[in-house]
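# Descriptive analysis of the structure
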Amino acid sequence: MAQYIKINSQVFNADTFIAVTPVVSGTTSQISIITTTTHWDNPNEEDLDYWNITTGSAAQATALISAINAALTANPGGRVVEVPPSSDYTISSIALQNGS
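Residues numbered from 1 in each chain as written. Predicted model: local features only at pLDDT ≥ 70, side-chain atom pairs only at ≥ 80, totals over all residues. Heavy atoms only, no water.

### Concerning helix 1 (residues 58-74)
- In this model helix 1 runs 24 Å from its N-terminal to its C-terminal C-alpha over 17 residues, within 8% of the 24 Å that 1.5 Å per residue would give.
- Turning to helix 1, its buried residues number three or more, namely Gln 60, Ala 61, Leu 64, Ile 65, Ala 67, Ile 68, Ala 71 and Leu 72. What you see down the axis of helix 1 is that its buried residues fit within an arc of 165°, all on one side. Away from the buried face of helix 1 by more than 90 degrees, exposed residues Ala 59, Thr 62, Thr 73 and Ala 74 are located.
- On the buried face of helix 1, the contacting elements are strand 1 (4-7), strand 3 (17-22), strand 4 (30-35), strand 7 (50-54) and strand 8 (80-83). (Helix = DSSP H or I, 4+ residues; strand = E, 2+ residues; numbered from the N terminus. Expected span 1.5 Å × (residues − 1). Buried < 20%, exposed > 50% of the residue type's maximum accessible area, 1.4 Å probe, protein only. Arc of directions from axis to C-beta. Contact = heavy atoms within 4.5 Å.)

So, in structure tokens, the structure goes:
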């Protein structure tokens with residue numbers, strides 16, 4: 001796996017990625033990046049410190065998940081890999097979810 005992954009203009013430490021998943025609740029046009037810093041907050045019963053990426057639709061979210069996974073495995077020896085722009089998805093926002 002590469003050490004860093006660039007999605008749009010945001011650069012992540014790829015070594016901390018645990019999973020890239022569709023958002024379970026809420027809009028289906030979002031995906032979540034779960035990292036080693038993501039944790040469960042018992043008093044509030046919510047996950048904290050994960051990244052949400054908003055796309056245009058559920059199909060675009062699925063295409064972006066595939067593109068991220070492909071980028072992570074395409075050049076395991078590289079320092080930085082990039083998720084290339086595609087007509088299969090658009091990214092409207094990348095936001096860290098800290099909880100409430």
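### Some points on the pairing of strand 2 (residues 10-13)
- Judged from the four bridges that link them, strand 1 and strand 2 form a sheet pairing that is antiparallel. Within the sheet, the bridge partner assigned to Ile 5 lies in strand 2 and is Phe 12.
- Hairpin connection from strand 1 to strand 2: two residues lie between these consecutive antiparallel strands, with Asn 8 at a positive phi of about 55°. (Pairing = 2+ DSSP bridges.)

### Some remarks on the nonpolar core
- The biggest cluster of nonpolar side chains holds 21 residues, and the ones touching the most others in it are Ile 5, Ile 7, Ile 68 and Val 83.
- Per-element tally for this core: the top contributor is helix 1, with seven residues.
- With sequence-adjacent residues up to four places away left out, Ile 68 is seen in contact with Ile 5, Ile 7, Phe 17, Val 20, Ile 31, Ile 53 and Val 83. (Core = buried A, V, L, I, M, F, W, Y, C linked by side-chain atoms within 4.5 Å.)

### Structural notes on the environment of Ile 94
- One can find Ile 94 in strand 9 (residues 93-97).
- The spacing of Ile 94 and Gln 10 is 84 residues in sequence and 7.8 Å in space, taken between C-alpha atoms.
- Ile 94 has contacts with Ile 7, Asn 8, Gln 10, Phe 12, Trp 51, Asn 52 and Ile 53, leaving out every residue within four places of it along the chain.

### Overview of the sheet that holds strand 8
- The strand order 2-1-8 describes an open sheet built from three strands, whose pairing is mixed. Looking at strand neighbours, the two that pair on one side only are strand 2 and strand 8, the edges of this open sheet. Strand-to-strand twist across the sheet, computed as the mean angle between neighbouring axes with direction ignored, equals 25°.
- Each of strand 1 and strand 8 touches helix 1; the most contacted strand, strand 8, lies at about 160° to it. (Axes fitted to C-alpha atoms, helices over the stretch in contact; angles between N-to-C directions.)

From the geometry alone we can't say anything about function, so treat these as descriptive.
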